[in-house]
Amino acid sequence: MATTRDVAVIVGSLRRESFTRKIARALAEVAPPSLAFEIVEIGQLPLFNQDLESAQTPAEWVAFRERIRRADALLFATPEHNRSMPAALKNAIDVGSRPFGQSVWQGKPGAIVSVSPGPTGAFGANHHLRQSFVFLDVRVMQSPEAYIGRVIDVLDESGKVTNPKTREFLASFARAFAAWIDVQAGR
């Protein structure tokens, strides 16, 4: 019997019905049963400020860090803002990386799916995340990469993926991610 892996999903868009959130949900729907996805909300996190670390660490930071620490793996779903990751996502990464030497990200297997209504599939945001994860030691799956461009053409009004090729790509990506997590767990 396969081990069920707890995957913390961090969605970079704060909008409840964002394309990015819909794609994250769609990916979870087609994933192997060995992966249990849970969206970890980031909109409530106060902006990172090192001054808050000393006396009274915000309860939201503590809860977020504990949740990420429990996860077996990480899925980052992101839109692109000005050719980079959204500010809320960057803040969540900063909150999880502190205090220095106590990063919750270190050594965790991860994957990135980037989403855009435009043709590039949020390539810039995807690669900025990858750049940060080198420093943070998130072991990001290198292949396949997931850039979902023209997302409005693959979703219906309810957020379901209607394009069969996109649905199969997401399923293939999820299977590869499950295999990547298993490989990383064996390290």
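Owing to the predicted nature of the structure, the values given are computational and were not obtained by experimental measurement. (Residues numbered from 1 in each chain as written. Predicted model: local features only at pLDDT ≥ 70, side-chain atom pairs only at ≥ 80, totals over all residues. Heavy atoms only, no water.)

Caption draft 1: Local environment of the packing of aromatic side chains. The tally for this structure, following the rule as stated, stands at six aromatic pairs. Centre to centre, the rings of phenylalanine 64 and tryptophan 105 are 6.0 Å apart; their planes meet at 65°, and the pair counts as edge-to-face. In this pair, phenylalanine 64 sits in helix 3 (residues 59-70) while tryptophan 105 sits in the loop between helix 4 (87-97) and strand 4 (109-115), placing the two residues 41 residues apart along the sequence. Each ring, one from phenylalanine 76 and one from phenylalanine 133, has its centre 4.6 Å from the other, and the planes form 45°; the classification is tilted. One end of the pair, phenylalanine 76, is in strand 3 (residues 73-78); the other, phenylalanine 133, is in helix 5 (residues 123-136), and 57 residues separate them in sequence. A relative accessible area of 1% places phenylalanine 133 in the buried class. Among the aromatic residues, those joined into a ring-pair cluster are Phe64, Phe76, Trp105 and Phe133. One Lys or Arg, arginine 15, reaches over the ring of phenylalanine 19 and ends 5.8 Å from the middle of that ring. (Phe/Tyr/Trp six-rings, centres within 6.5 Å; stacked < 30°, edge-to-face > 60°. Helix = DSSP H or I, 4+ residues; strand = E, 2+ residues; numbered from the N terminus. Buried < 20%, exposed > 50% of the residue type's maximum accessible area, 1.4 Å probe, protein only. Lys NZ or Arg CZ within 6 Å of the ring centre and 35° of its normal.)

Caption draft 2: Summary view of the pattern of salt bridges. Considering all chains together, one arrives at 12 salt bridges under this definition. The residue glutamate 168 makes a salt bridge to arginine 175 at a minimum N-O spacing of 3.0 Å. Here the salt bridges share partners, and the residues they tie into one network are Asp6, Glu38 and Arg67. (Salt bridge = Lys/Arg side-chain N within 4 Å of Asp/Glu carboxyl O.)

Caption draft 3: Inspection of the pairing of strand 1 (residues 5-11) at higher detail. Counting buried positions along strand 1 gives six out of seven residues, so the element sits mostly inside the fold. In the sheet, strand 1 pairs with strand 2 (residues 35-39) via five bridges, with the strands oriented parallel. What sits directly across from arginine 5, in strand 2, is leucine 35. (Pairing = 2+ DSSP bridges.)

Caption draft 4: Region of the structure containing the pairing of strand 3. The buried fraction of strand 3 is high, at six of six residues. Of the two faces of strand 3, the one holding Ala73, Leu75 and Ala77 and the one holding Leu74, Phe76 and Thr78 are both buried throughout. Relative to strand 3, strand 1 is paired through five bridges, and the arrangement is parallel. By the bridge assignment, isoleucine 10 is partnered in strand 3 with phenylalanine 76. Relative to strand 4, strand 3 runs parallel, the two being bridged by five bridges. Looking at strand 4, one finds that threonine 78 is bridged to serine 114. Assessed by its sense of winding, the connection that carries the chain from strand 3 through helix 4 to strand 4 is right-handed. (Right-handed = clockwise from strand over helix to strand, strands pointing away.)

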